[in-house]
Amino acid sequence: MHLRLATPEDLPQLREVYGKIVAHMEETGLQIWDDVYPVCALTEDIADSRLYILEGAGEILAAFALCSAHPGISAISWKYGGQALYLDRLGVNIHHLRRGLGSLALQKAVELAGSLGAGSVRLFVVDYNEPAVRLYCKNGFTQAEGFYLEEIDASLTFREWGFEKCTGR
């Protein structure tokens, strides 16, 4: 397995992987992502060199974006100051669930963020996404004080918690 930047040639497989993640989330009652998001962000993530793929045997096993900002930054009282990168759109190929790939992707994201000069990795998670919250806590992320209300449209607003982890840098 290795980590690399995503390329435009990866888009078909990324769309398929995220599409199956969305379907799995819907089956398990997590109505967070849909047929528009996160796929709509992938092309820009690739163009901005912030989408990373954990790959094995030519297959995308997991993917995530490391972003320099997030609209909810000021809603949270972060513990760690200095430069931070924001983990977004973490997804694990559903054909490889329960194999530690989420933890491995988080580990790689923290290492990469540190190598890019960030002192911490921050992320936002919808408050009722219990599997993700467990994953982040299991991997040493701590919840910061506060929450961000992300208004998707007039009928849908997500309450999101902020989590962070020091990169050791």
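Here, every reference points to the structure presented above.
Just so it is clear, the structure is predicted and the values come from calculations on it, not from any experiment. All chains use their own residue numbering, which begins from 1 and follows the written sequence. Side-chain atom pairs in this predicted model are given and counted only at pLDDT of 80 or more, local residue features only at pLDDT of at least 70, and totals for whole chains, interfaces and linings cover all residues. Side-chain measures were taken over the full set of non-hydrogen atoms in the model, leaving aside hydrogen atoms and water.

Turning our attention to the overall build of the protein. Helix numbers and strand numbers start at the N terminus; a helix is a DSSP run of H or I with at least 4 residues, a strand a run of E with at least 2. Tallying secondary structure elements over the protein gives four helices and eight strands in all. Atoms considered for the radius of gyration are the C-alpha atoms alone. The globule rule reads 2.2 Å times the number of residues to the power 0.38. Taking 2.2 N^0.38 as the reference for a compact globule, 169 residues should give roughly 15 Å; the C-alpha atoms of the protein span a radius of gyration of 15 Å, in line with that estimate. Seen along its three principal axes, the alpha-carbon backbone of the protein occupies a region of about 40 × 40 × 30 Å. When checking whether two residues touch, look at their non-hydrogen atoms; a contact exists if any pair is within 4.5 Å. When contacts within the protein are restricted to residue pairs at least 6 apart in sequence, those whose partners lie at least 24 apart make up 70%. The Shrake-Rupley method, run with a 1.4 Å probe, gives the accessible areas here. Residue values count only the displayed protein chains as cover. Carbon and sulfur atoms form 51% of the exposed surface of the protein, whose accessible area is close to 8700 Å². Looking at the protein, you have 15 positive and 22 negative side-chain charges, and the mean spots of the two groups are 9 Å apart. Positive charges come from Lys and Arg alone, negative charges from Asp and Glu alone, with His and the N- and C-terminal ends not counted. Lysine's charge is taken at NZ, arginine's at CZ, aspartate's at CG and glutamate's at CD.

This paragraph deals with unusual backbone geometry. One can expect most non-glycine residues to show negative phi and most peptide bonds to be in trans. The linkage connecting Y37 with the following residue, P38, adopts the cis geometry, with an omega of 20 degrees. Relative to the helices and strands, P38 resides in the loop between helix 1 (11-27) and helix 2 (39-47). Residues other than glycine seldom take positive phi values, yet A57 does so here, at roughly 50 degrees. Examined against the element boundaries, A57 turns out to sit in the loop between strand 2 (51-56) and strand 3 (59-67). Although it is not a glycine, R89 sits at a positive phi angle of roughly 60 degrees. Within the fold, R89 resides in strand 5 (residues 84-92).

We count a salt bridge whenever a side-chain nitrogen from Lys or Arg sits within 4 Å of a carboxyl oxygen from Asp or Glu. What the rule picks out here adds up to ten salt bridges. Here D45 makes a salt bridge to R89, at a shortest N to O gap of 2.6 Å. Placement of D45 in helix 2 and of R89 in strand 5 is noted, with a sequence separation of 44 residues between them. Through salt bridges with shared partners, a single network forms among E44, D45, D48, R50, D88 and R89.

By disulfide we mean two sulfur atoms from cysteines, separated by a distance within 2.5 Å. Going through the model one piece at a time under the given rule, you end up with zero disulfides. This cysteine, C166, is not joined by any disulfide, and C137 carries the nearest cysteine sulfur, 17 Å off.

On to the sheet that holds strand 1 (residues 2-5), then. One open sheet holds the eight strands; their spatial order is 1-2-3-5-6-8-7-4, and the pairing between them is mixed. Strands at the two margins of the open sheet, each flanked by one partner only, are strand 1 and strand 4 (76-77). Contacting strand 2, strand 3 and strand 5, helix 1 crosses the sheet at an angle of about 90 degrees to strand 3. Lines fitted to C-alpha atoms define the axes, with helix axes restricted to the stretch in contact, and inter-axis angles between N-to-C directions lie between 0 and 180 degrees. Contacts between helix 3 (residues 101-115) and the sheet are confined to strand 1, strand 2, strand 3, strand 5, strand 6 (120-126) and strand 8 (156-166), with strand 3 contributing the most and set at about 40 degrees to the helix. For two strands to pair, DSSP has to find at least two bridges joining them.

To count toward a patch, a residue needs a relative accessible area above 30% and no salt bridge. Like charges then connect within 9 Å, nonpolar side chains (Val, Leu, Ile, Met, Phe, Trp, Tyr) within 5 Å. On the surface, a cluster of negative charge is contributed by E26, E27, D34 and D35. Following the sequence through the fold, D34 ends up in the loop between helix 1 and helix 2.

So, about the packing of aromatic side chains. Only rings of Phe, Tyr and Trp enter the pairing, Trp through its six-membered ring, and a pair is recorded when the two centres are within 6.5 Å. The plane angle decides the type: under 30 degrees is stacked, over 60 is edge-to-face, the rest tilted. Tallied over the full model, the rule gives eight aromatic pairs. Measuring from ring centre to ring centre gives 5.8 Å for Y52 and F64, while their planes differ by 25 degrees; the resulting arrangement is stacked. Linking Y52 in strand 2 with F64 in strand 3, this pair joins segments that are twelve residues apart in sequence. Connected via pairs of aromatic rings, a cluster forms that spans W78, Y86, F124 and Y148. Directly above the ring of F147 sits R159, whose terminal nitrogen or CZ lies 4.0 Å from the centroid. Comment: the charge-over-ring label is applied if NZ (Lys) or CZ (Arg) is within 6 Å of the ring centre and within 35 degrees of the ring normal.

This is a description of form; function is not addressed.
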